[in-house]
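Here is what each chain is made of, one letter per residue.
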Amino acid sequence: MAGVDVALRCRDCGRAADLRDWRCTRCGGLLRLEWPGLTPDQRIDPAARGVWRYRPVLPAVGASAIVTLGEGATPIAWIDRWAAAHRLGQVGVKLEYLNPTGSFKDRGTTMLVSHARSLGLGRLIEDSSGNAGASVAAYAARAGVEATIFVPAAAPAAKRAQIERVGATIVPIDGTREAVTEAALAEVARSGAYYAGHNANPFFVAGMATFAYELIEELGATPRHLVIPTGGGSLCVGCFDGYRRWFDEKAGCQRCPRIHAVQSSGCAPLVAAIEHGLDRVPAIRRNRTVAGGIEVERPPRDREILQAIRRTGGSAVAVDDDEILAQRRLLARTEGIDVEPTTAAAFAGLARLAKDGVIAPDDMVVVAATGAGWKDPG
Ligand SMILES: *Cc1c(COP(=O)(O)O)cnc(C)c1O
Ligand SMILES: [Zn+2]
């Protein structure tokens, strides 16, 4: 029940890495986890609920190191009225905003902070448009470790206040989202604190696989499509990894729903890469968007995201701010589901995919409702 012993290795040059590293000390490449095989009866701790129900297939941390606030085990709501308005049949919404800090980021954070605690690390540094920062800040408070969160100066006030209420140090940075990451990394280099950056840290993505495990356990039928608002791609990549780990490489690819990554047209590097058949994102021109949570110009995991999309037969789609805001309102008024604009982008994307015939009326779809409406009231 203690989880699996993982090793870390550089994705690019193959060098073995220390469990305290978050990128390769030789070439700077991102790290991937190496897992031993597992037998089917080892996957679940039936006594536990939520993310830690899957502890046998998560990276090993000691029982006393686990930092949890009750994340995971989110319900699925079937939105028949919204679906009918878009000529769709079965649309399920996985209510990820019911996670402890109001976003799906808690799945990755519980794993990441538990890992950091098991190594005895005393300070975490994170850069975030808001939700990952609020999540890391809360779990750090629970773990009794210090957190410093770098955010864009334009981050929504509700998210900043959330970070401050749990006692983290917040550092607002003027400039692009990339400037925020650079400032965080400069502080990591200066201080030696652990980099908990959710777009790069392999333990964060490992926690995201539990989203897939819950779909597999909860739904009798495999949904044909999965629609995810995507920036750094932790949920796309974690979910695809989850299917391949739960089954095996081949069966996992077949069983995983088609992954549709929705971006804002103000910042849509993945859409550009898919359109042009590239394996990395190209440089893009970008504009302001209301969907700040998916505004990531150069996602470090671009290759893995593009692979998850292509190997599942999915797509990448960009939607405009007016479609996002219209869908936010429609979803709230027809179904009582109040999400932040970043999340509403997924519904705008689904509406577009239905209209374009990529998703057929009788296909089962699951949408990840990643963040709560109160976080970004607008
Ligand atoms: C972070 C975030 C996303 C995007 O997740 P990535 O892992 O960066 O792709 C989507 N929705 C909300 C509400 C978020 O906070
Ligand atoms: Zn390397």
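Structure: see above.
Here the structure is a predicted model, which is why all the values come from computation and not from measurement. All chains use their own residue numbering, which begins from 1 and follows the written sequence. As they are written, the chains are lettered A onward and the ligands numbered 1 onward, keeping that order. Reporting of local features is limited, given that this is a predicted model, to residues whose pLDDT is at least 70; pairs of side-chain atoms are given and counted only at 80 or more, and all residues count toward the totals for whole chains, interfaces and linings. With hydrogens and water set aside, each side-chain value is computed from the structure's full complement of heavy atoms.

Student: Would you explain the site of ligand 1 in this entry?
Tutor: One heavy atom suffices: a residue is near a molecule or strand as soon as one of its heavy atoms comes within 4 Å of it. Close to ligand 1 lie 18 residues; Lys 105, Asn 131, Gly 233, Ser 234 and Thr 370 are nearest. Note that an oxygen atom of ligand 1 is positioned 2.7 Å from one of the side-chain N or O atoms of Asn 131. Contact between ligand 1 and Ser 234: an oxygen atom at 2.6 Å from a side-chain N or O atom of the residue. Note on areas: Shrake-Rupley with a 1.4 Å probe; residue coverage comes only from the protein chains shown. For ligand 1, whose unbound accessible area comes to 380 Å², protein coverage reaches 98%. The pocket occupied by ligand 1, as judged from atoms lying within 2 Å of grid points, is the largest cavity. Elements are defined by DSSP. Helices are runs of H or I of four residues or more, strands are runs of E of two residues or more, and each kind is numbered from the N terminus. For the shell around ligand 1, the secondary structure elements donating two or more residues are helix H7 (234–246) and helix H12 (341–355). Think of a polar contact as two N or O atoms within 3.5 Å of one another; within protein, one of them needs to be a possible hydrogen donor and the other a possible acceptor, and neighboring residues in sequence only count if both atoms come from side chains. Within this scheme a cavity is a closed region of a 1 Å grid, computed over the protein atoms alone, that accommodates a 1.4 Å probe without allowing it to escape, whereas a pocket is open but has protein on both sides within 12 Å along at least five of seven lines; lining residues each have an atom within 4 Å of a point. The way we define it, a molecule is inside a pocket or cavity when more than half of its atoms are within 2 Å of that pocket's grid points.

Student: It is not clear to me how the coordination of the zinc ion (ligand 2) should be interpreted in this structure. Could you clarify?
Tutor: Note on metal sites: the ideal angle is 109.5 degrees for four tetrahedral donors, and 90 or 180 degrees for six octahedral donors. The rule for donors is simple: N, O or S, within 2.8 Å of the metal, or within 3.2 Å if the metal is Na, K or Ca. Water isn't counted, so a site may look like it is missing partners. Surrounding the zinc ion (ligand 2) are the protein donor atoms Cys 10 (SG), Cys 13 (SG), Cys 24 (SG) and Cys 27 (SG), at 2.3 to 2.4 Å. The geometry test gives tetrahedral to four donors whose angles all lie between 85 and 135 degrees, gives square planar to four donors and octahedral to six donors whose opposite members are over 155 degrees apart with all other angles between 65 and 115, and gives irregular to the rest. With 4 donor atoms in place around the zinc ion (ligand 2) and angles of 98 to 118° between them, the coordination shape is tetrahedral. Accessible area is worked out with a 1.4 Å probe on protein chains only. A residue is then buried under 20% of its type maximum, exposed over 50%, and partly exposed in between. Among the residues examined, Cys 24 registers a relative accessible area of 6% and is labelled buried. Using a relative accessible area of 41% as the deciding quantity, one classes Cys 27 as partly exposed.

Student: Help me understand the packing of aromatic side chains in this model?
Tutor: One pair of aromatic rings is described through two measures. These are the centre distance and the angle between the planes. The rule is short: rings of Phe, Tyr and Trp, with Trp giving its six-membered ring, pair when the centres are within 6.5 Å, and they are stacked under 30 degrees, edge-to-face over 60, tilted in between. Scanning the entire structure with this criterion turns up 6 aromatic pairs. Plain terms: the ring middles of Tyr 54 and Trp 246 are 6.1 Å apart, the flat faces sit at 70° to each other, and that makes the pair edge-to-face. Taken together, the positions of Tyr 54 in the loop between strand S3 (31–34) and strand S4 (76–78) and Trp 246 in helix H7 put the pair 192 residues apart, joining distant regions of the chain. Assigned by exposure class, Tyr 54 and Trp 246 land together as buried. Taking the ring centre of Trp 246 as reference, the NZ or CZ of Arg 43 above it sits at 4.7 Å. For the cation-ring pair, Arg 245 lies above Trp 35, with the distance from its terminal atom to the ring centre recorded as 3.6 Å. Only lysine NZ and arginine CZ atoms are considered, and such an atom sits over a ring when it is within 6 Å of the ring centre and within 35 degrees of the ring normal.

Student: How should I be thinking about the layout of surface pockets in this particular structure?
Tutor: In this approach, a probe sized like a water molecule rolls over the atoms, and the result shows the empty space that is left. By volume, the largest pocket is sized at about 620 Å³. Contributing to the lining of the largest pocket are 22 residues, with Arg 32, Leu 33, Trp 35, Asp 241 and Arg 244 lying nearest its centre. Of the residues forming the lining of the largest pocket, the biggest block, 5 residues, is contributed by H7. Grid points are joined across faces, edges and corners, and a volume is the space filled by probe spheres set on the points. Quantified by volume, the second largest pocket comes out at close to 480 Å³. Residue polarity is assigned by list, with Asp, Glu, Lys and Arg as charged and Ala, Val, Leu, Ile, Met, Phe, Trp, Tyr, Cys and Pro as nonpolar; anything else, Gly included, falls into the polar class. Here the lining of the second largest pocket is built from residues that sort into 7 nonpolar, 8 polar and 7 charged.

Student: I tried to follow the environment of Phe 211 on my own but got confused; where do I start?
Tutor: Structurally, the position occupied by Phe 211 is in helix H6 (residues 202–218). Taking the relative accessible area as the measure of exposure, Phe 211 reaches 0% and is therefore buried. Along the sequence, Phe 211 and Val 51 sit 160 residues apart, while their C-alpha atoms lie 8.4 Å from each other.

Student: Even after reading the chapter, I still don't get the environment of His 198, so can you show me in this structure?
Tutor: With respect to the helices and strands, His 198 occurs in the loop between strand S9 (194–195) and H6. A sequence separation of 34 residues divides His 198 from Gly 232, and the C-alpha atoms of the two residues are 8.2 Å apart. If we skip the residues at most four places from it in the chain, His 198 touches Lys 105, Glu 126, Asp 127, Ser 128, Ala 132, Arg 177 and Phe 204. Contacts between residues were defined by any pair of non-hydrogen atoms, one from each residue, lying within 4.5 Å.

Student: Sorry, what's going on with empty space enclosed by the protein here?
Tutor: This structure, assessed with the given rule, holds 1 cavity of 30 Å³ or more. Considered as a void within the structure, the largest cavity measures approximately 270 Å³ in volume. As for the largest cavity, its lining consists of 29 residues, and the residues nearest its centre are Phe 104, Lys 105, Gly 231, Gly 293 and Ile 294. Where the lining of the largest cavity is concerned, the elements lending two or more residues are helix H3 (131–143), strand S10 (225–229), H7 and H12. In terms of residue count, the dominant contributor to the lining of the largest cavity is H7 (3 residues). In the lining of the largest cavity, the residues fall into 8 nonpolar, 17 polar and 4 charged.

Student: I keep staring at the packing of H6 against H7 and nothing clicks. Help me out?
Tutor: The interhelical angle for the contact between H6 and H7, taken along N-to-C directions, is 60°, at an axis separation of 7 Å. Considering their axes alone, H6 and H7 lie oblique with respect to each other. Crossing of H6 over H7 shows right-handed handedness. Where H6 abuts H7, its residues Phe 204, Val 205, Met 208, Ala 209, Phe 211, Ala 212, Tyr 213, Leu 215 and Ile 216 lie against Ser 234, Leu 235, Val 237, Gly 238, Cys 239, Asp 241, Gly 242, Tyr 243, Arg 245 and Trp 246. In this analysis an axis means a line fitted to C-alpha atoms, helices contributing only their contacting stretch, and an angle means the value between N-to-C directions, from 0 to 180 degrees. Here the word oblique covers every angle except those under 35 degrees (roughly parallel), over 145 (roughly antiparallel) and from 65 to 115 (roughly perpendicular). In this scheme the handedness of a crossing depends on how the near helix is turned from the far one: anticlockwise by less than a right angle means left-handed, clockwise means right-handed.

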